[in-house]
Amino acid sequence: MTNNRREFLKLAGLAGVGLAGTGLLNACASTGASAGDVQKQAGKSHRQVFNMSGYAAPKIETVRIGFIGLGQRGPGAVNRINRIDGVDIKGLCDLRPDKVAAVQKKLADSSHKPTAYSGKEDAWKEMVDRDDIDLIYIATPWHLHTPMAVYAMEHGKHVAVEVPAATTLEECWQLVETSERTRKHCMMLENCCYDFFEMLTLNMARQGFFGEIVHGEGAYIHNLVDLNFSKTGYQNMWRLKENYRNGSLYPTHGLGPICQVMNINRGDQMDYLVSVSSNDFTMGETAKKLAAQDSFYKEFADKKYRGNMNTTTIRTKKGRTIMVQHDVSSNAPYSRIHLITGTNGSARKWPLPAKIATSHEKWLSETEFKAIEEKYQPELIRRLGEMAKQVGGHGGMDFLMDWRLIDLLRNGLPLDQDVYDAALWSAIAPLSEWSVANRSNSIDVPDFTGGSWQKNTPVDITFRGGGTTNVKI
């Protein structure tokens, strides 16, 4: 990693959320790492200090929480957490005082009396430094996720961090090494692992419905051009600037559920990947057209943007394959694909409605689908699914994710997603960037578990030992 990049990360850890409003953000638009640096980090040998997979931290009867970032995702998270018993919202932080005030106002009639932290770049550190907070919930721009998560774990806090958890391989290793050393959880908030059909197929895989899993596909196909170029979308246009990188920049929504089905990090492991990107047919032209009408966009008119479609293919140690696509600038319907192919059956979610098959001849009928859905419906969906839809958050999956996190912490149980998942799923972005830049050559995928994937047990999606946390509707 270059000296400039190291210095930037150092500054990010010091300045925190305030960097979203400074010119330093441009430094995060590229990994800044040379080809040799990426290969070195990809091939790094890790000696595990403590295995965080399956780790059950001590029970926390009342989970005391501090939130950092109240822009796009943070306010919704606060609202959902407010519906869960056994929590105490202790702090709210955002660089902008009006954002904090707006969320405080919504909590006025609740039992929570959070302290406001705002107005200066390192205000979030004051909150993290408190000794009466158990969990830090991070919903800030991507480049701040790792510095904030590392600082929080170093100061004795568990961490829940929005996707992606890291943007460079060095950051991925920082998360793993810090979590192992401090024995603090670092969960990436991959909400799509809690979507209803994804959880159904996970339970079906657990019960052997698909036979041996052979192949999986996931994606993030979502036209974000208007939002990324909006002056009011993301502060200081930070997400638009992330598109200066060329690769699978946002892989985890499609990838996470497939990895859980395949027991990646828990019985199988990624081996290597290849990645290819199309040209940019949209972003550059949009920037030029906007700049011709509005001088605000002139700084974006001469930039080189990632290709519209990126396709990344991964091979696992046990010979399975995964295909992940990323396209947020083509005029195509939303899709995460979610395709699972096994020796005995298959399933696919997009295009809707979702389908299940037990042969190569046809998809099952609606009646047959419903029967399988009833038989394999996970306990989490059976008990909380309808309630989650009422609370909301992408159809309820956000609430299921938050409730599950709190319930596992309160009952002292291992999390569904650990730091190895956060690091591995996030690592696909910088690894794909390297492959795209090197004529789609293959690159090894790091083993963040230090070999423990061979004995780690699969995610337990039952309520064994838990399920005791109530919900306020």
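About the cut-offs
- Residues numbered from 1 in each chain as written.
- Predicted model: local features only at pLDDT ≥ 70, side-chain atom pairs only at ≥ 80, totals over all residues.
- Heavy atoms only, no water.
- Helix = DSSP H or I, 4+ residues; strand = E, 2+ residues; numbered from the N terminus.
- Rg over C-alpha atoms; globule rule 2.2 N^0.38 Å.
- Buried < 20%, exposed > 50% of the residue type's maximum accessible area, 1.4 Å probe, protein only.
- Areas by Shrake-Rupley, 256 points an atom, 1.4 Å probe, with all protein chains shown as cover.
- Lys, Arg positive; Asp, Glu negative; His and termini not counted.
- Charge placed at Lys NZ, Arg CZ, Asp CG, Glu CD.
- Expected span 1.5 Å × (residues − 1).
- Phe/Tyr/Trp six-rings, centres within 6.5 Å; stacked < 30°, edge-to-face > 60°.
- Lys NZ or Arg CZ within 6 Å of the ring centre and 35° of its normal.
- Arc of directions from axis to C-beta.
- Contact = heavy atoms within 4.5 Å.
- Salt bridge = Lys/Arg side-chain N within 4 Å of Asp/Glu carboxyl O.
- Pairing = 2+ DSSP bridges.
- Axes fitted to C-alpha atoms, helices over the stretch in contact; angles between N-to-C directions.
- Parallel < 35°, antiparallel > 145°, perpendicular 65-115°, else oblique.
- Left-handed = near helix turned anticlockwise from the far one by under 90°.
- UniProt positions renumbered as here; feature names shortened; annotations may be inferred.

## A few points about the overall build of the protein
Stage number 1. Each helix and strand counted, the protein has 17 helices and 14 strands in total.
Stage number 2. Taken over C-alpha atoms, the radius of gyration comes to 21 Å for the protein, in line with the 23 Å a tight globule of 473 residues would show.
Stage number 3. Its C-alpha atoms put the protein at 55 × 55 × 45 Å along the principal axes.
Stage number 4. Looking at the protein as a whole, 60% of its 473 residues qualify as buried.
Stage number 5. When the accessible surface of the protein is summed, it comes to about 18,700 Å², and 48% of that surface belongs to carbon and sulfur atoms.
Stage number 6. Computed over 56 positive and 53 negative side-chain charges, the separation of the two mean positions in the protein equals 0 Å.

## Examining helix α16 (residues 397-410)
Stage number 1. With 14 residues, α16 ought to run about 20 Å at 1.5 Å a step, and its terminal C-alpha atoms sit 20 Å apart, in line with that.
Stage number 2. Among the 14 residues that make up α16, 14 are buried, leaving the element largely enclosed by the rest of the structure.
Stage number 3. Where α16 terminates, the next one or two residues include glycine 412, which has phi positive at roughly 65°.

## Points about the packing of aromatic side chains
Stage number 1. Counted according to the given criterion, the structure contains 20 aromatic pairs.
Stage number 2. With 4.5 Å between their ring centres and 50° between their planes, tryptophan 173 and phenylalanine 448 make a pair best called tilted. Residue tryptophan 173 is found in helix α7 (residues 169-182), and its partner phenylalanine 448 is found in the segment after β14 (443-444); the two are separated by 275 residues along the sequence.
Stage number 3. Aromatic side chains phenylalanine 296 and phenylalanine 300 sit 6.2 Å apart centroid to centroid with 55° between the ring planes, which places their arrangement in the tilted category.
Stage number 4. Connected via pairs of aromatic rings, a cluster forms that spans Trp142, Tyr220, Tyr234, Trp238, Tyr250, Tyr334 and Trp350.
Stage number 5. We note arginine 239 situated over the ring of tyrosine 250; from NZ or CZ to the ring centre the distance is 4.8 Å.

## Topic: helix α2 (residues 35-42)
Stage number 1. When we look at burial in α2, the residues that qualify are Val38, Gln41 and Ala42. Each buried residue of α2 lies within a common arc of 100° when the element is viewed along its axis, so the set occupies one face.
Stage number 2. Packed against the buried residues of α2 are α7, α17 (419-437) and β14.

## Observations regarding the pattern of salt bridges
Stage number 1. Under the criterion given, the structure shown has 29 salt bridges.
Stage number 2. The salt bridge involving aspartate 402 is made with arginine 80; its shortest N-O contact spans 2.6 Å. In this pair, aspartate 402 is assigned in helix α16 and arginine 80 in helix α3 (residues 74-81), connecting sequence segments 322 residues apart. Comparing aspartate 402 with arginine 80 shows no difference in burial state: the two are buried.
Stage number 3. One salt-bridge network, held together by shared partners, links Arg73, Arg80, Glu162, Asp398 and Asp402.

## Remarks on the pairing of strand β9 (residues 310-316)
Stage number 1. Going residue by residue along β9, you find Asn310, Thr312, Ile314 and Thr316 tucked away on one face and Thr311, Thr313 and Arg315 left uncovered on the opposite face.
Stage number 2. Of the pairings in the sheet, the one linking strand β8 (residues 270-277) to β9 comprises seven bridges and is antiparallel in character. Bridge pairing in β9 links methionine 270 to threonine 316.
Stage number 3. Note: β9 against strand β10 (residues 321-327), six bridges, orientation antiparallel. What sits directly across from arginine 315, in β10, is threonine 321.
Stage number 4. The hairpin formed by β9 and β10 contains four residues between the paired strands, and glycine 319 there has a positive phi angle of roughly 85°.

## Considering the packing of helix α11 (residues 252-262) against α17
Any two packed helices are characterised by how steeply their axes cross, that is the angle between the axes, and by the distance between the axes.
Stage number 1. The contact between α11 and α17 brings their axes to 10 Å, and the two run at 135°. When the interaxial angle is binned, α11 and α17 end up oblique. α17 is crossed by α11, and the crossing has right-handed handedness. On the side of α11, the interface is formed by Thr252, Leu255, Gly256, Cys259 and Gln260, while α17 contributes Trp425, Ser426 and Ile428.

## Comments concerning the sheet that holds strand β2 (residues 87-93)
Stage number 1. In spatial order, the strands read β3-β2-β1-β4-β5-β6; together these six strands make up an open sheet with parallel pairing. Each edge of the sheet is formed by a strand with only one pairing partner; in this case those strands are β3 (115-117) and β6 (186-188). The mean angle between the axes of side-by-side strands here comes to 20°, regardless of whether they run parallel or antiparallel.

## Quick notes on the UniProt feature "domain: Gfo/Idh/MocA-like oxidoreductase N-terminal" (unreviewed entry) in the protein
Stage number 1. This chain's UniProt record puts "domain: Gfo/Idh/MocA-like oxidoreductase N-terminal" (unreviewed entry) on residues 63-188.
Stage number 2. Here residues 63-188 is 38% helix and 21% strand, with 18 Å between the C-alpha atoms at its ends.

## Comments concerning the sheet that holds strand β11 (residues 339-342)
Stage number 1. Read from one edge to the other, the open sheet built from eight strands follows the order β13-β12-β11-β7-β10-β9-β8-β14, with strand pairing classed as mixed. Since the sheet does not close on itself, it has two edges, and those belong to β13 (355-357) and β14, each with one partner.
Stage number 2. Looking at chain direction, strand β7 (residues 213-221) and β11 are connected through four bridges and run antiparallel. Looking across to β11, one finds that glutamate 217 is bridged to leucine 339.

## Remarks on the UniProt feature "domain: Glycosyl hydrolase 109 C-terminal" (unreviewed entry) in the protein
Stage number 1. Listed under "domain: Glycosyl hydrolase 109 C-terminal" (unreviewed entry) in the UniProt record, and renumbered for this structure, are residues 199-349.
Stage number 2. The span residues 199-349 shows a helical share of 29% and a strand share of 25%, and its end C-alpha atoms are spaced 12 Å apart.

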